[in-house]
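Read off the chains here:
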Amino acid sequence: MRSINYRVILVQVLVLLFLCINFMLITTFFMKDFFYTTMRYILFAVTLLSDCLMLSLTNLLLVMSYFRLTMQLWLCLIICILTAVYNLVTPVTLTAMTLERYVAICMPLRHAELCSTRSALRCILIIHGLSSVPCIVVVLVFFASASVSSYKQYTLCSVEVFVPQNWQSLLRSAMIQFYFLILCFAVIFSYVKIMQVAKAASGENKKSTSKGLRTVILHAFQLLLCLIQLCCPFVEAAVLQIDFMLYVNVRYFNYITFMLAPRCLSPLIYGLRDEKFFRVLKYYALCGLYKKFLFNLTN
């Protein structure tokens, strides 16, 4: 068993900090009817829940790989399925949030119709369906090639265990790249359209449109980090063939840079930048001591 060094402790502190922040934001989300009946806040809550699950599972895998702990293949399969699905849920949800801003700014008269609570629930189902497709393909291919006895074998848990052949890795890579192109196209399309509206707007409309444009830019940056993170397993798989300790170090760097960093931007975008959410958050964070909180959320 390897000794615990500062890097492991740092990761645990960061993960615990982000989980606490996300838990506080999720609690705030359920405090007001306005939040869980508004599409952009519902999607925000989806990213928070997805990030919490992702942080917990990936941190577990990171710690196990660091200490070289093994588990049975069937348990590893369940963890990797959840990790693979929710690894895509966040970027797909961010794209949906960007499209929601596009509808709100460029199609304001249809926003209430297209972005209702019922539409948000349908959108969540579509997001999870789309996010599950690459994982389903990989798992079906693995089922077709793996023997029943192999599920009881102990292994160092990693997604790479389920893509042992080069063609399987290429298939997975092609699907990820396809998602990358589609999500990038949606974000760029929304940005261009909102920019066109921003140039033509004036007064309060221009201020609101400019704020929406900045939000889209932040979503794009966060999405870029998430999409880079989707490519990290391919780099890690190549490094694993060279040296195990180098693999651990690369995985540690990728986890800090492309897993934790994007997950801390969600609270920044909606937890701090959104005025209504921030006031509710501040009120409950101070346990109701902020008496000037009372304001009309529906205005």
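For clarity, every value in this text was computed on a predicted model and none was experimentally measured.

### Looking at the overall build of the chain
- Of regular secondary structure, the chain possesses 9 helices and 2 strands.
- Walking the chain from its N terminus toward its C terminus, one meets helices and strands in the order α-α-β-α-α-α-β-α-α-α-α.
- Residues counted as buried form 46% of the 299 residues belonging to the chain.
- Sequence separation of 24 or more characterises 79% of the internal contacts of the chain that already satisfy a separation of 6 or more.
- In the structure as shown, the chain presents an accessible area of about 15500 Å², 70% of it carried by carbon and sulfur atoms.

### Quick notes on the confidence of the model for the chain
- Here the chain averages 81 in pLDDT, while 90% of its residues score no lower than 70.
- Counting interchain partners and residues more than four positions distant, the pLDDT-below-50 stretch residues 289-299 has 13 contacts.

### A few points about the packing of helix H2 (residues 39-66) against helix H3 (residues 73-106)
- At a closest axis distance of 9 Å, the pairing of H2 and H3 adopts a crossing angle of 155°. As judged from the angle between their axes, H2 and H3 are roughly antiparallel. For the crossing formed where H2 meets H3, the hand is left-handed.
- Looking at the contact of H2 with H3, its residues break down into 15 nonpolar, 7 polar and 4 charged.

### Let's talk about the environment of alanine 237
- Locating alanine 237 in the fold gives a position in helix H7 (residues 203-240).
- Judged by relative accessible area, which is 24%, alanine 237 ranks as partly exposed.
- Sequence separation between alanine 237 and valine 159 is 78 residues, and the spatial gap between their C-alpha atoms is 9.1 Å.

Cut-off values and rules
- Residues numbered from 1 in each chain as written.
- Predicted model: local features only at pLDDT ≥ 70, side-chain atom pairs only at ≥ 80, totals over all residues.
- Heavy atoms only, no water.
- Helix = DSSP H or I, 4+ residues; strand = E, 2+ residues; numbered from the N terminus.
- Buried < 20%, exposed > 50% of the residue type's maximum accessible area, 1.4 Å probe, protein only.
- Contact = heavy atoms within 4.5 Å.
- Areas by Shrake-Rupley, 256 points an atom, 1.4 Å probe, with all protein chains shown as cover.
- pLDDT = per-residue confidence, 0-100.
- Axes fitted to C-alpha atoms, helices over the stretch in contact; angles between N-to-C directions.
- Parallel < 35°, antiparallel > 145°, perpendicular 65-115°, else oblique.
- Left-handed = near helix turned anticlockwise from the far one by under 90°.
- Nonpolar A, V, L, I, M, F, W, Y, C, P; charged D, E, K, R; others polar.

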